[in-house]
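# Chain and residue survey
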Amino acid sequence: MFIHSILFEIAPEEQAKYKQDCKMWAAYAAKAKGFIRYMTVKRLDHKNQFASVYEWRAKSLHQAFMKKYHDWLVGKSLARVKVLGYYNLKTIDEIIR
């Protein structure tokens, strides 16, 4: 499994728009081949920090989605956000209860 996460700093007045943007991005990702799930998470003990987390069956499937939709979705997004970091992760072990 491939996980792509983007850490943002988002001013309080932009957070409602960010949540709407997340729903839009996730709706397009949900239609893409290899998409597993999406989460919006708030970073604890860090003011105004949120992450968008996407799980994909393979990195190549994520890359295909990004190539097709990234710039277009950025253009449609309304929230003004500050990107703090991009994280690409690969599952090496998993326990599901």
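Residues numbered from 1 in each chain as written. Predicted model: local features only at pLDDT ≥ 70, side-chain atom pairs only at ≥ 80, totals over all residues. Heavy atoms only, no water.

Turning our attention to the overall build of the protein chain. Each helix and strand in the protein chain was counted, giving two helices and four strands. Starting at the N terminus, the α and β elements of the protein chain follow one another as β-α-β-β-α-β. A compact globule built from 97 residues should have a C-alpha radius of gyration of about 13 Å, and the protein chain, at 14 Å, falls within 12% of that. Over its C-alpha atoms, taken along the principal directions, the protein chain stretches across nearly 35 × 30 × 20 Å. Looking at the protein chain as a whole, 36% of its 97 residues qualify as buried. Nonlocal contacts in the protein chain, meaning residues at least 24 apart in sequence, comprise 72% of its contacts between residues at least 6 apart. With an accessible surface of roughly 6900 Å², the protein chain has 55% of that area assigned to carbon and sulfur atoms. (Helix = DSSP H or I, 4+ residues; strand = E, 2+ residues; numbered from the N terminus. Rg over C-alpha atoms; globule rule 2.2 N^0.38 Å. Buried < 20%, exposed > 50% of the residue type's maximum accessible area, 1.4 Å probe, protein only. Contact = heavy atoms within 4.5 Å. Areas by Shrake-Rupley, 256 points an atom, 1.4 Å probe, with all protein chains shown as cover.)

What follows is about the sheet that holds strand β3 (residues 49-56). In space, the four strands of this open sheet follow the order β2-β3-β1-β4, with antiparallel pairing throughout. One side of each edge strand has no neighbouring strand; the edge strands of this open sheet are β2 (35-42) and β4 (82-90). Averaged over all neighbouring strand pairs, the angle between strand axes comes to 15 degrees, with direction disregarded. Bridge count between β2 and β3: seven bridges; the pairing is antiparallel. Paired with T40 across the two strands is S52, which belongs to β3. (Pairing = 2+ DSSP bridges. Axes fitted to C-alpha atoms, helices over the stretch in contact; angles between N-to-C directions.)

The next point concerns the nonpolar core. Ranked by size, the top nonpolar core spans 19 residues in total, and within it Y18, A29, F35, Y38, Y54, W56 and F65 carry the most contacts. The set of elements that each furnish at least two residues to this core consists of β1 (2-9), α1 (15-30), β2, β3 and α2 (59-76). When residues of this core are assigned to their parent elements, the largest contribution, six residues, is made by α1. (Core = buried A, V, L, I, M, F, W, Y, C linked by side-chain atoms within 4.5 Å.)

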